[in-house]
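Listed below, chain by chain, are the residues.
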2 protein chains.
Amino acid sequence: MAKEKKMVEAITSMEQDFAQWYTDVVKKAELVDYSSVKGCMVIKPAGYAIWENIQKKLDARFKETGVENVYMPIFIPESLLQKEKDHVEGFAPEVAWVTKGGLNELTEPMCVRPTSETLFCDFYARDIHSYRDLPRVYNQWCSVVRWEKETRPFLRSREFLWQEGHTAHATAQEAEERTVQMLNLYADFCEEVLAIPVIKGKKTDKEKFAGAEETYTIEALMHDGKALQSGTSHNFGDGFAKAFGIQFTDKDNTLKYVHQTSWGMTTRLIGAIIMVHGDDSGLVLPPRIAPTQVMVIPIAQHKEGVLEKAEEIRKELAKTLRVKLDASDKGPGFKFAEQEMRGIPVRIELGPKDIEAGHAVIVRRDTREKITAEFDQLAEKVAEVLDTMQKEMLERARAHRDAHTYEAVTYDEFKETVATKPGFIKAMWCGDEACENKIKEETTATSRCMPWKQEHLSDTCVCCGRKAKAMVYWGKAY
Amino acid sequence: MAKEKKMVEAITSMEQDFAQWYTDVVKKAELVDYSSVKGCMVIKPAGYAIWENIQKKLDARFKETGVENVYMPIFIPESLLQKEKDHVEGFAPEVAWVTKGGLNELTEPMCVRPTSETLFCDFYARDIHSYRDLPRVYNQWCSVVRWEKETRPFLRSREFLWQEGHTAHATAQEAEERTVQMLNLYADFCEEVLAIPVIKGKKTDKEKFAGAEETYTIEALMHDGKALQSGTSHNFGDGFAKAFGIQFTDKDNTLKYVHQTSWGMTTRLIGAIIMVHGDDSGLVLPPRIAPTQVMVIPIAQHKEGVLEKAEEIRKELAKTLRVKLDASDKGPGFKFAEQEMRGIPVRIELGPKDIEAGHAVIVRRDTREKITAEFDQLAEKVAEVLDTMQKEMLERARAHRDAHTYEAVTYDEFKETVATKPGFIKAMWCGDEACENKIKEETTATSRCMPWKQEHLSDTCVCCGRKAKAMVYWGKAY
């Protein structure tokens, strides 16, 4: 048992040091490993399998709305990156430059894509001619590179995996509708699949995407009270279209510029899953996204009939669920600790006495609740437990978020709250970037979003006291 | 009809100019477009959907054999690439180098991965300690970059999409078994899913992968008689393990080096599908891989009940097949031409007279055979036609390959055959690279592989007349 205990002890507790807890979990749950390439990570099978499930489920939702997948080049020639002024200013300082191909210097340097607006625009300028060619609703799954100085697995790395949707529309209204549609899709996905509740809102001008007219965002609250931007959807208006000359002949036979959007979600979501649901025993995966939903763990497996029955149960459950059997030669305590560390939503404990009694014990990963189920009702019962767990994980995350969402009317209240109560702070804002800057400097909190659901907390800006224009969610962020 | 005729006329005929026909098909079937990034392509929805199906079906086959997916960094530091001597010699001349990150010069240049052996080895050296950690059977889906001078869509481009499997085993025998297993898996996939028959064999030392002990290959014959290497599987022995120090403690408590393999298939396969099955009307997709298997095309769709019945049929077939309805305002002739150009395996023609008669007409893309089917048997009949078509496409490709496979015993015969009969040439070889070089120089044919199914054609090398060691498939290759 010494070894088993050690496995659990090896994780730092969340309360003691949340950052170290996070690092411990990503390592011990075998999600990622560091690589010899500074700032880049190796995503191991347990981590990549989560990403595969995210891809599969998100992609299916995309396709229901008419999204088609494509693939654009990995490189962006310097001259292409420079075509849209705000965009290049935002991204040029953080890209990796290829200057040599084969044995020769390139005549024009190319960067590895940090995002592909410029490539899609370049393509659309050649591909779109008539209103019949619209809308274009394209997406790609790929990796992108941003030369970050400080990196953390999943949350911020020099390379990450994502999807980036890029659309072109005939009218401003249609582009705005698509921008909103995708943000709603992201929010539903987070809540329904990842059990992560999110605040939907609009970024301030200071925080919006380089080149966008509007950026919409979903913001989630992590267990430590910090905010995580979990997905964004941008409306570009016709700014990129004008920079790249993307015009079409409309039904009325006049040349018009298209209106564009882009939207993305990344492997960051895995970081969000860890930090919203994890506990001091490790990862806790929501059943709908868990690569393995059930681990069958035999007890006293050397005894006659135990392994056979365990395998029979695995096989039966595998008809409708993602199940594994741990038949290794480790002790049950070790297997439990391992299953918990990896966040597998439920385990089924099965020993000789259970077999004699004709039942097995289902143990929930999140609450440790034990549910005894007769063999002939096991499959049904496990499915029910997984459903309940999925729902309760969302409810718990929502309750945690709500309990850590504060309001501030005066600046003193605001500073006091930031300093003492980790979480979101709702406060009114005058719309001036100067106040955002001041708040950031003095408290390290940033404006997360102007939520779609506005509330009227007071008439004046929490920072400067001038007339308020909007309520903003503020918070310290990853 | 003028416009419809023009659409078909716009493709060059295969007989007239095969290379131009290929270019026409990839463009007109909307598979790819050229990009502003020299040598890189844009894969459009119709092309990417084929790749998605390849991924889905190949990945499922991988997983049945225990493969787990992971993701390694996109960059390889120069010092890592240089660790295995043969490997760096093979790849260094054709990689893209990143020399600047953000605003700073890098202290060590990194290349964009041309293949990831070095990254996997670097990871395995840290990750593998004990025989309990073996085997490692990892794979990744990603893009790679090779600085090619001459490029053609799908066949040779500076960036392409692929999967690369990298495994580590306790014994040489197990590594060899995995190498062979994956080549067989590739061959079965090509035949069963893509309807492309392949020759399985071993590469000569001259043609094998940089750093491999053995390279196995599957070679397919295109319609123009040129060979296309369609998938490779490499056994590295313990060469990389020694260069990277990948050791494990075996059951007998001694330190041993692992034995490794790697294997890959790429977007090249889409080129193979085009060149094996296409015709002068465009692409012909095997039903199992076709993103859309059936196009329902209404005739006189303005007449009452036609569109409704067409939609009813689409809906019914969609329960089991991938179906679309072309309800656009183009004429039927144009729709037929478009469906044929895009290679959709069957179309269903449906006009007022058909509706009156209670049937529809199924038209096969490959043979143009028309099959009339009663409405209540339509779904069953379409499925049957697709099955038959899949089988016959493979048979036809095999017959074509066999009819274009020749034997040569003397060098004069060999030269005559290369010059006049496009196809594979089977001929004996002494095993000396000098003969391979001579044949390549004098005929442009290269050794494709030493097939697993050896035949004895004569006692002597077709080139030098010395004692023969193996029968080789020779051919001009893409």
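What you see is a predicted model, and the numbers here were worked out from it, not measured in a lab. Sequence positions are assigned chain by chain, starting from 1 and proceeding in written order. The naming scheme follows written order: chains are lettered A onward, ligands numbered 1 onward. Only residues with pLDDT of 70 or above have their local features reported here, since the model is predicted, and side-chain atom pairs are shown and tallied only from 80 upward, although totals for entire chains, interfaces and linings are computed over all residues. Only heavy atoms go into the side-chain values, all of them from the structure, while hydrogens and water stay out.

1. Focus: the packing of helix α14 (residues 411–420) of chain A against helix α15 (residues 433–443) of chain A
Residue and element names in this part refer to chain A. Here is the rule: Helix axes are fitted to C-alpha atoms over the stretch in contact, other axes to C-alpha atoms as well, and angles between N-to-C directions run from 0 to 180 degrees. Put simply, DSSP H or I for four residues or longer makes a helix, DSSP E for two residues or longer makes a strand, and each gets a number counted from the N terminus. Should an angle fall under 35 degrees it is taken as roughly parallel, and over 145 as roughly antiparallel, whereas 65 to 115 is taken as roughly perpendicular and any remaining angle as oblique. A clockwise turn of the near helix away from the far one marks a right-handed crossing, whereas an anticlockwise turn of less than a right angle marks a left-handed crossing. Between two residues, a contact is recorded if the distance between any of their heavy atoms is within 4.5 Å. The residue classification treats Ala, Val, Leu, Ile, Met, Phe, Trp, Tyr, Cys and Pro as nonpolar and Asp, Glu, Lys and Arg as charged. All others, Gly included, are polar.
Between α14 and α15, whose axes approach to 11 Å, the crossing angle comes to 45 degrees. Judged by the inter-axis angle, α14 sits oblique to α15. Between α14 and α15 lies a crossing whose hand is right-handed. On the side of α14, the interface is formed by Tyr411, Phe414, Lys415 and Val418, while α15 contributes Lys438, Ile439, Glu442 and Thr443. In terms of residue class, the contact of α14 with α15 is made up of 4 nonpolar, 1 polar and 3 charged.

2. Some words on the side chain of B:Ser447
All names here are of chain B. The line we're drawing: A simple rule labels every residue: compare its accessible area, found with a 1.4 Å probe on the protein chains alone, to the largest value its type can have, and call it buried under 20%, exposed over 50%, or partly exposed in between.
Its location among the elements puts Ser447 in strand β22 (residues 446–451). Using a relative accessible area of 2% as the deciding quantity, one classes Ser447 as buried. Non-local contacts of Ser447, meaning those with residues more than four positions away in its chain, are made with Lys203, Thr204, Glu207, Glu436, Val472, Tyr473 and Trp474.

3. Details of the interface of chain A and chain B
The test is simple: Joining two parts hides part of their accessible area as seen by a 1.4 Å probe, and the buried area is that hidden amount summed over both. Here, a salt bridge means any side-chain nitrogen of Lys or Arg that lies within 4 Å of a carboxyl oxygen of Asp or Glu. At least two DSSP bridges between two strands are needed for those strands to be called paired.
Contacts between the two partners involve 50 residues from chain A and, on the opposite side, 50 residues from chain B. For the pair chain A and chain B, the summed buried area comes to about 4200 Å², and 62% of that belongs to carbon and sulfur atoms. Among the residues chain A hides against chain B, the three largest losses belong to A:Pro45, A:Tyr71 and A:Trp147. Together they make up 14% of the total. Taken together, the connections running from chain A to chain B amount to 4 salt bridges. Measuring nitrogen to oxygen at the nearest pair gives 3.0 Å for the salt bridge that ties A:Glu52 to B:Lys63. If one sorts the elements of the side of chain A that touches chain B by residue count, strand β5 (residues 96–101) of chain A sits on top with 6 residues. Partitioned by chemical class, the residues of the side of chain A that touches chain B number 30 nonpolar, 7 polar and 13 charged. Note that β5(A) and strand β5 (residues 96–101) of chain B share 5 bridges and pair antiparallel. Each bridged residue has a counterpart across the sheet, and for A:Ala96 the counterpart in β5(B) is B:Gly101.

4. Thoughts on the sheet that holds β5(A)
Here 6 strands make up an open sheet; going across it, the order is β4(A)-β6(A)-β5(A)-β5(B)-β6(B)-β4(B) and the pairing antiparallel. Where the open sheet ends on each side, the last strands, each with one partner, are β4 (75–77) of chain A together with β4 (75–77) of chain B. The mean angle between the axes of side-by-side strands here comes to 45 degrees, regardless of whether they run parallel or antiparallel.

5. Some remarks on empty space enclosed by the protein
Residues and elements named next belong to chain B. Our working rule: Here a cavity is any set of points on a 1 Å grid over the protein atoms alone where a 1.4 Å probe fits but cannot get out, and a pocket is any open set with protein on both sides within 12 Å along at least 5 of 7 lines; a residue lines the site when it has an atom within 4 Å of a point. Grid points are joined across faces, edges and corners, and a volume is the space filled by probe spheres set on the points.
Counted according to the given criterion, the structure contains 5 cavities of 30 Å³ or more. Taken as a whole, the largest cavity holds about 50 Å³ of empty space. If you trace the largest cavity, you find it lined by Glu117, Phe120, Cys121, His166, Phe236, Phe240, Gln260 and Thr261. Of all elements in the fold, only α6 (117–127) and β14 (259–266) reach the threshold of two or more residues within the lining of the largest cavity. In terms of residue count, the dominant contributor to the lining of the largest cavity is α6 (3 residues). Looking at the lining of the largest cavity residue by residue, the class counts come to 4 nonpolar, 3 polar and 1 charged.

6. Here we look at the sheet that holds strand β16 (residues 323–325) of chain A
Residues and elements named next belong to chain A. The strand order across the open sheet built from 5 strands is β16-β15-β17-β18-β19, with neighbouring strands paired in mixed fashion. The sheet terminates laterally at β16 and β19 (370–374), the two strands that pair on one side only. Strand-to-strand, the axes of this sheet are offset by a mean angle of 25 degrees, without reference to chain direction. Note: strand β18 (residues 359–364) against β19, 5 bridges, orientation antiparallel. Bridging across to β19, Val361 finds its partner in Thr372.

7. Some words on the confidence of the model for chain A
Residue and element names in this part refer to chain A. Put simply, the rule is: By definition, pLDDT measures how confident the predictor is in each residue, and it falls between 0 and 100.
On average, residues of chain A carry a pLDDT of 96, and 98% of them reach 70 or more. Predicted confidence is poor over residues 1–5, with pLDDT under 50, and the contacts of this stretch with residues over four places away or in other chains come to 3 contacts. The complex prediction reports pTM at 0.96, with the ipTM value standing at 0.96.

8. Here we look at the nonpolar core
Here is the rule: Nonpolar cores were defined as sets of buried Ala, Val, Leu, Ile, Met, Phe, Trp, Tyr and Cys residues, with membership established by side-chain atoms within 4.5 Å.
Counting residues in hydrophobic clusters, the biggest one holds 204 residues, and the most contacted among them are A:Ile54, A:Phe75 and B:Phe75. Contact partners of A:Ile54, with chain neighbours within four places excluded, come to A:Asp59, A:Phe189, A:Leu194, A:Leu269, A:Ile270, A:Ile273 and A:Ile289.

9. Notes on the packing of helix α2 (residues 18–28) of chain A against helix α9 (residues 268–277) of chain A
Residues and elements named next belong to chain A. Their axes nearest at 11 Å, the elements α2 and α9 cross at an angle of 120 degrees. Between α2 and α9 lies a crossing of right-handed hand. Every residue of α9 that contacts α2 at Phe18, Trp21, Tyr22, Val25 and Val26 is listed here: Gly271, Ile274 and Met275. For the contact of α2 with α9, the residue count by class is 7 nonpolar, 1 polar and no charged.

10. Some remarks on the relation of the copies chain A and chain B
Basically, it comes down to this: The copies were overlaid with a least-squares fit restricted to C-alpha atoms from residues scoring a pLDDT of at least 70 in each copy.
Each copy superposes on the other: chain A lies on chain B with an RMSD of 0.0 Å after a rotation of 180 degrees and an axial shift of 0.0 Å. Both chain copies can therefore be described as sitting about a two-fold axis. Looking at the rotation axis and the C-alpha trace of chain A, the residue lying nearest is A:Val98, at 2.1 Å. When the interface residues of chain A are mapped onto chain B, 100% of them are again interface residues, pointing to one common binding face.

11. Observations concerning the environment of B:Arg146
Residues and elements named next belong to chain B. Keep this limit in mind: Between N or O atoms, a polar contact is any pair within 3.5 Å; within protein, one atom must be a potential hydrogen donor and the other a potential acceptor, and residues adjacent in sequence are included only when both atoms are from side chains.
Within the secondary structure, Arg146 is located in the loop between β7 (136–145) and β8 (159–169). Sequence separation of Arg146 and Tyr124 is 22 residues, and the distance between their C-alpha atoms is 24 Å. In contact with Arg146, not counting residues within four places along its chain, are Phe91, Glu94, Pro114, Thr115, Ser157, Arg158, Phe160 and Trp162. Here Pro114 takes part through its backbone oxygen, which lies 2.8 Å from a polar atom of the side chain of Arg146.

12. Some remarks on the pattern of salt bridges
A full pass over the atoms with the stated rule returns 76 salt bridges over all chains. Between B:Asp127 and A:Lys44 there is a salt bridge, and its shortest N-O distance comes to 3.6 Å. Residue B:Asp127 is found in helix α6, and its partner A:Lys44 is found in the loop between β2 (41–43) and α3 (45–64); the two belong to separate chains. Here B:Asp127 matches A:Lys44 in class, with each residue buried.

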